[in-house]
Amino acid sequence: MQPITQTLREAAQSTPNEPIIQAIVEDRRLRWSILHDWPAGPDVGRVAQFNNGSITLRAVSDDAGQIWTVRVWAHHDPAAWEAWTLAASDAQYACDVAVSWMAPYTWLLLYEGATAHQVMARISTDDGVTWSPSHVMHTAGQAPWLAAWGDWALILEDQLHAYHRTGAMWTGPYTLLSVTTPQPQGVAVYYDADAQWGHILYSSRGQLFKVEFDSKEPVPTFTTARPLAPGGDQGGSDVAAIVLPSLTRLFDLGIVATWVERHTGPLHGWGLPVSAVARDDNAQHFGQICPLAEADVSAQRWHLAYDGATKTVYAGHRRRLVRAPLFDKQLYEWMSLGPVDVLSARRVAERDEPGSLTVELLDPTLAYRNPGHADSAARPVKPLSAVRLRRGYRTAAGVETIDTPNYYVTTATMSEGHGAGRLRLEALDAYGLLALWRPVESIEWYHRTIAWLLAEIGGRVGLRIEVADAPGVEAVLPHFGLHPHQSALTAMRALLRLGCAVARPAADDTLQVMGYPASQESSAEIGTANEIREAAYGWGRYRHTHVSVASEAHDAYAEAEDVAASQAMGQRFSRMLEDNRVASEAMAAGIAGHMLDLAKSWGRQDQVSVPLRPELEIWDHIALHANEAALPAQAKERVLVRLVEEITLLRDRCVSRLTLGALG
């Protein structure tokens, strides 16, 4: 239940009232488009680039052992990205390079020197116009891969090393111990100076790994490296290699990465560049995989740079440069539509199932024609744009409203005729978004907590996970897998069952995970002001009255039964769950009890219609005050299992239809 003021609650329970119903559409997704395309450009040297908030400095090596740089001030101008000047002539042929901003006017340039495997460092104190003489920072045992952020430098060879510049001196190397990196093919870093915490991606033997380092201690410490791509913990692929990562932080979205999926076999020589976003606080769970270009454009690194002044992220090299603006409705008004008054709407949310939202907007001037196009007032209406309703009333305190969670647009149609146009949007909620995604290959994870796996699955479609009072999700699963014929929703349902939890969509693209509602929780009062317009009270058949859970792999077994329910049915109805992911008898017992609680919720099928209650959410604890002749007063506790909001302002109809189940 969302927070609600007393005046808004009173307005919702009173008749007559003046409802306020509006829609908001926001194009929040990262959508790439081409800024610069040069198909005949060089495709040998690897480009690096870094933005300090006003200027982007690019660096590249060529096939003659030279390093070139360009300072980009006019980011919108494709030509500005190609005005190269010579910075160094003592480099290795087509070597890796790195560049970063260290302090006002001060930049770092790294590259492999002409003497093979020597990592050279140069410093500029005039924003990259001139550079200091080269300094040998590190001598590697093989061709080094380089990355830099601020005053941190990363070098990848058969091991991963970090150097830190303090004052005029370099300290290090700080080496990721006990980890070898055979066949290295790229490294990337983002360093959070406030948290003193670094995020690193590196490629080794065709897999992409994520590791962090804590620099608060005198000697930085590394976390355990974990595989990031392909898939989970199952190892690399025989037909593809994940190489050449890049990494940056988009402060309004999360951490974004790019890498190249290089193919062998029939697609030998092709490299598909993709981007991925991690929205969770610790940047552990990357998803929203999106191609940056066709697989035959270039297999070189697509280096990232984020320009905070224009809220735009760039990725590319010498053959192509792409960009994507971040959502900012002040800077880019075209990314947001609304709040606009709603002609009609129907919103459905229900337990464990995808929800839907249908909205109609009146458009008498036909300004919303061609939704999604640049010439339309409905420009932000694009596939999977976020749409939500803002509902409330004009109260004694003024206009008070509450927003629904985000829904994701799947269909937008514009109708004409009868003197007016109408824009109709159809959208799915977070559960529906999960149902859209399937992995391209089988993914397996080992020895992960359920909470971690929930965040991993949610992250695939850009959902955050917020856990509230669900201790079961801290259990560790020995193994969990997801196959191409299974959706992310299938995986999410299995994890919630294993964690004895339920979930509901919440604000800011969040899936809120919680334990099953208990009777001692705070309640939403329904019926205390005689506001129930229609009602139907009755019981329903229990889905099952007896549950047994077995795990042959871990020799675990448990069962639970509602004896009174079996007796009331005149028969026991059993549900058997065989699941080798259940790791202990205690876990099996918890799951059996949880499944029985969920089954009990079907024991009541009470349905009431009330004036729109904007604060209600699925799984809310409800205190139902009904006619005692129809429903005994002592049996008022319920749980909200289905919510339908119906809004038709032309008919003065604005109601919430609630389906209420029994508490377990």
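Here goes a summary of the coordinates provided.

**Notes on the overall build of the protein chain**
The helix and strand inventory of the protein chain stands at six helices and 47 strands. The globule rule puts the C-alpha radius of gyration for 664 residues at 26 Å, and the 29 Å found for the protein chain is close to it. Principal-axis analysis of the C-alpha atoms gives the protein chain an extent of 90 × 70 × 50 Å. Out of the 664 residues in the protein chain, the part that is buried amounts to 55%. Relative to all contacts within the protein chain whose residues are 6 or more apart in sequence, the contacts with residues 24 or more apart total 60%. A total accessible area of about 27,300 Å² is found for the protein chain, and carbon and sulfur atoms account for 50% of it. Each charge class in the protein chain was averaged separately, 57 positive and 76 negative side chains, and the resulting centres sit 4 Å apart.

**Here's the deal with the sheet that holds strand 35 (residues 464-468)**
What the three strands build is an open sheet, ordered 35-38-37; its pairing is mixed. Each edge of the sheet is formed by a strand with only one pairing partner; in this case those strands are strand 35 and strand 37 (502-506). Strand-to-strand twist of the sheet, defined as the mean angle between neighbouring strand axes without regard to direction, takes the value 25°. Taken together, the five bridges between strand 37 and strand 38 (residues 510-514) define a ladder with antiparallel strand orientation. Of the residues in strand 38, the one forming a bridge with Pro-505 is Leu-511.

**Re the side chain of Glu-531**
Considering the arrangement of structural elements, one finds Glu-531 in the loop between strand 39 (524-526) and strand 40 (534-536). When its relative accessible area of 5% is taken as the criterion, Glu-531 is described as buried. Within the structure, the side chain of Glu-531 is placed 2.8 Å from the backbone nitrogen of Gly-527, a separation counted as a polar contact. At 3.0 Å, the side chain of Glu-531 forms a polar contact with the backbone nitrogen of Ala-529.

**Brief notes about the pattern of salt bridges**
Scanning the entire structure with this criterion turns up 44 salt bridges. The partner of Arg-28 in a salt bridge is Glu-26, with the nearest N and O atoms 2.7 Å apart. What makes Glu-26 buried here is its relative accessible area of 1%. Residues Arg-572 and Glu-561 are paired through a salt bridge, measuring 2.6 Å at the closest nitrogen-oxygen approach. With a gap of 11 residues between them, Arg-572 in the loop between helix 5 (563-569) and strand 43 (574-578) and Glu-561 in strand 42 (residues 556-561) connect regions that are remote in the sequence. Note on Arg-572: relative accessible area 44%, which makes it partly exposed. The structure contains a network of salt bridges with shared partners spanning Glu-26, Arg-28, Arg-388, Arg-390 and Asp-403.

**Let's talk about unusual backbone geometry**
Backbone torsion omega between Gly-172 and Pro-173 reads 10°, so that peptide bond is classified as cis. If you trace the backbone, Pro-173 turns up in strand 14 (residues 169-175). A cis geometry characterises the amide bond from Gly-338 onward to Pro-339, with omega recorded as 5°. One can find Pro-339 in strand 27 (residues 336-341). Notably, His-447 is not glycine yet its phi reads approximately 55°, a positive angle. Mapped onto the fold, His-447 is located in strand 34 (residues 443-449). For His-447, a relative accessible area of 60% puts it in the exposed group.

**Quick notes on the sheet that holds strand 42**
Hydrogen bonds along the backbone pair up the strands of a sheet, which may run parallel or antiparallel. Spatially, 42-41-43 is the arrangement adopted by the three strands of the open sheet, whose pairing is mixed. Each edge of the sheet is formed by a strand with only one pairing partner; in this case those strands are strand 42 and strand 43. Each strand of the sheet is rotated relative to its neighbour by a mean of 10°, with strand direction disregarded. Bridge count for strand 41 (residues 546-551) against strand 43 is five bridges, and the pairing is parallel. Within strand 43, the position partnered with Val-547 by the bridge is Arg-575. Set on the sheet, helix 6 (residues 585-600) makes contact with strand 41, strand 42 and strand 43; between it and strand 42 the angle comes to about 25°.

**Comments concerning helix 3 (residues 450-459)**
Most of helix 3 sits inside the fold, with 10 of its 10 residues counted as buried. Within helix 3, the full set of buried residues consists of Ile-450, Ala-451, Trp-452, Leu-453, Leu-454, Ala-455, Glu-456, Ile-457, Gly-458 and Gly-459.

Cut-offs applied
Residues numbered from 1 in each chain as written. Predicted model: local features only at pLDDT ≥ 70, side-chain atom pairs only at ≥ 80, totals over all residues. Heavy atoms only, no water. Helix = DSSP H or I, 4+ residues; strand = E, 2+ residues; numbered from the N terminus. Rg over C-alpha atoms; globule rule 2.2 N^0.38 Å. Buried < 20%, exposed > 50% of the residue type's maximum accessible area, 1.4 Å probe, protein only. Contact = heavy atoms within 4.5 Å. Areas by Shrake-Rupley, 256 points an atom, 1.4 Å probe, with all protein chains shown as cover. Lys, Arg positive; Asp, Glu negative; His and termini not counted. Charge placed at Lys NZ, Arg CZ, Asp CG, Glu CD. Pairing = 2+ DSSP bridges. Axes fitted to C-alpha atoms, helices over the stretch in contact; angles between N-to-C directions. Polar contact = N/O pair within 3.5 Å; in protein donor to acceptor, adjacent residues only side chain to side chain. Salt bridge = Lys/Arg side-chain N within 4 Å of Asp/Glu carboxyl O.

Everything listed here is a matter of coordinates, which is why it stays silent on function.
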